[in-house]
Amino acid sequence: MSTVKSIAVIGAGTMGSGISLTAATSGISAFQIDVSQAQLDKAKAYHAKTLGRSVEKQKMTQVDADAALARITYLTDMAGAKAADWAVEAATENIELKKKIFQAMNATFGPNAVLATNTSSISITDIATAVGASASRVIGMHFFNPVPIMKLVEVIKGLATSEETTQRTIDLAKAMGKTPVPANDRAGFVSNRVLMPLINEAFHAWMEGVAKPEDIDQIMLLGCNFPMGPLRLADFIGLDVCHDIMMVLYRELGNPKFFPCPLLRQLVQAGRLGDKSGRGVFDYGKK
Ligand code: CAA
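The rules behind these values
- Residues numbered from 1 in each chain as written.
- Predicted model: local features only at pLDDT ≥ 70, side-chain atom pairs only at ≥ 80, totals over all residues.
- Heavy atoms only, no water.
- Axes fitted to C-alpha atoms, helices over the stretch in contact; angles between N-to-C directions.
- Helix = DSSP H or I, 4+ residues; strand = E, 2+ residues; numbered from the N terminus.
- Parallel < 35°, antiparallel > 145°, perpendicular 65-115°, else oblique.
- Contact = heavy atoms within 4.5 Å.
- Near = heavy atom within 4 Å.
- Polar contact = N/O pair within 3.5 Å; in protein donor to acceptor, adjacent residues only side chain to side chain.
- Areas by Shrake-Rupley, 256 points an atom, 1.4 Å probe, with all protein chains shown as cover.
- Domains from an automatic or database assignment.
- Buried < 20%, exposed > 50% of the residue type's maximum accessible area, 1.4 Å probe, protein only.
- Pairing = 2+ DSSP bridges.
- Right-handed = clockwise from strand over helix to strand, strands pointing away.
- Buried area = accessible area lost by both parts, 1.4 Å probe.
- Salt bridge = Lys/Arg side-chain N within 4 Å of Asp/Glu carboxyl O.
- Expected span 1.5 Å × (residues − 1).

A. Up close: the packing of helix α7 (residues 191-207) against helix α11 (residues 262-269). At a minimum axis separation of 8 Å, α7 and α11 run at an interaxial angle of 95°. Between α7 and α11, the interaxial angle falls into the category roughly perpendicular. Contacts between α7 and α11 pair N200, F203, H204, W206 and M207 from the former with P262, L263, L264 and L267 from the latter.

Spelled out as structure tokens, the structure:
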């Protein structure tokens, strides 16, 4: 059973705001931290909208929704969250940025707090080098988008992660209504090592004219029972995020099969990043 009462979530993007909401609806207080006030405002609006929808659909009472929202504190400074007994980083996939954030987390949170990262592909062992002797409390806790809906948490131990840190992560994931599944610390872990080549191949099939993008997706939706076609999913994840994960896989595993398809690279260069920019493979209307 998890004893975690409050968590600090560093980064208020799609993943961070999903993690803080899921904590709050599970009865855990959440400090939602981001250097950008605009990003925090966006996260708060997402929280209020999602809880409001749950009330409308009678999946939650207004009292419970209000209580969940009241459990989230929005902060631009990590120091205000130092009482949290858990911290999870959900910033962009950039190793130098993550190391900086981990140094700050190590200095801010008490010695018993676990320092987790929601990285989707970067080595936990590498991130943990930022905190020196505290590496035993660093772990990968990889959530999936949309966090409130997706059941999986991929749990990744770095070389120095302790058994206690691992067990506490498993317990917290369960307390948040998730199913924790272990994976080892190799680039992309299991989820993205398997998912990204599938997405990349869909781009290659499109580039080679095997089928139109909507037909590639329709084939995978109807023929393989995917909830979203691979190209729609790429837009949903973010084409830049897919590209960056593929580059981590390519560099770390040294296999050209992971190198991003030229068409994917071109869309990213053109700023067509998917849902978040209003256009990616498909057009969602200008943002
Ligand atoms: N936040 C909260 N709830 C959300 C949501 C969000 N962002 N998006 C959808 N939902 C909820 C809806 O409110 C709805 O709830 P109810 O059942 O209570 O009505 C439910 O999810 C289903 O949504 P919809 O009816 O609108 O649409 P859908 O049935 O098409 O489902 C989906 C949407 C859940 C996103 C589904 O299409 C799906 O599962 N897609 C695949 C998602 C996926 O593969 N995610 C993993 C991406 S990889 C990743 O995240 C990790 C990485 O490292 C890249």
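B. Layout of the site of the ligand. Close to the ligand lie 18 residues; Y46, K57, K59, H142 and N145 are nearest. Contact between the ligand and K57: an oxygen atom at 2.7 Å from a side-chain N or O atom of the residue. The separation between an oxygen atom of the ligand and a polar side-chain atom of K59 is 2.7 Å. Taken by itself the ligand offers 1,000 Å² of open surface, and the protein chains cover 64% of this. The set of elements that each furnish at least two residues to the shell around the ligand consists of α2 (37-56), α7 and α9 (230-237). Two domains share the shell around the ligand, each providing at least three of its residues, namely domain 1 (6-183) and domain 2 (192-277).

C. Inspection of the pairing of strand β5 (residues 114-117) at higher detail. Burial along β5 is two-sided: the face carrying V114 and A116 and the face carrying L115 and T117 are both buried. Alignment of strand β4 (residues 86-89) against β5, held across four bridges, turns out to be parallel. Paired with V88 across the bridge in β5 is A116. With helix α4 (residues 95-108) bridging β4 and the parallel β5, this β-α-β connection has right-handed handedness. Sheet topology note: the β5/strand β6 (residues 138-142) ladder contains three bridges and is parallel. For T117, the partnering residue across the bridge sits in β6 and is G140.

D. Region of the structure containing the domain arrangement of the chain. Looking at the chain, the domain boundaries give domain 1 (6-183) and domain 2 (192-277). For domain 1 and domain 2, the distance between their C-alpha centroids amounts to 26 Å. Taken together, the contact between domain 1 and domain 2 spans five residues of the former and four residues of the latter. In total, about 490 Å² of surface goes out of reach between domain 1 and domain 2, with carbon and sulfur atoms giving 58% of it. Summed over the three residues of domain 1 that lose the most area to domain 2, namely S120, S121 and N145, the buried surface amounts to 63% of that side. For the pair domain 1 and domain 2, the interface holds zero salt bridges. Across the domain 1-domain 2 interface, the total number found is one residue pair in polar contact (both at pLDDT 80 or more).

E. Layout of helix α6 (residues 163-175). For α6, with 13 residues, the first-to-last C-alpha span of 18 Å sits near the 18 Å given by 1.5 Å per residue. Those residues of α6 lying buried are T165, T166, T169, D171, L172 and A173. Looking at the packing, one finds that the buried side of α6 touches β1 (6-10), β4, β5, β6, β7 (152-157) and β8 (179-183).

F. A look at the environment of I28. Mapped onto the elements, I28 comes out in the loop between α1 (14-25) and β2 (29-33). Between the C-alpha atoms of I28 and T179, which are 151 residues apart in sequence, the distance is 17 Å. With near-sequence residues (within four places) excluded, I28 lies in contact with V4, K5, S6, I7, A23, R71, L172 and M176.

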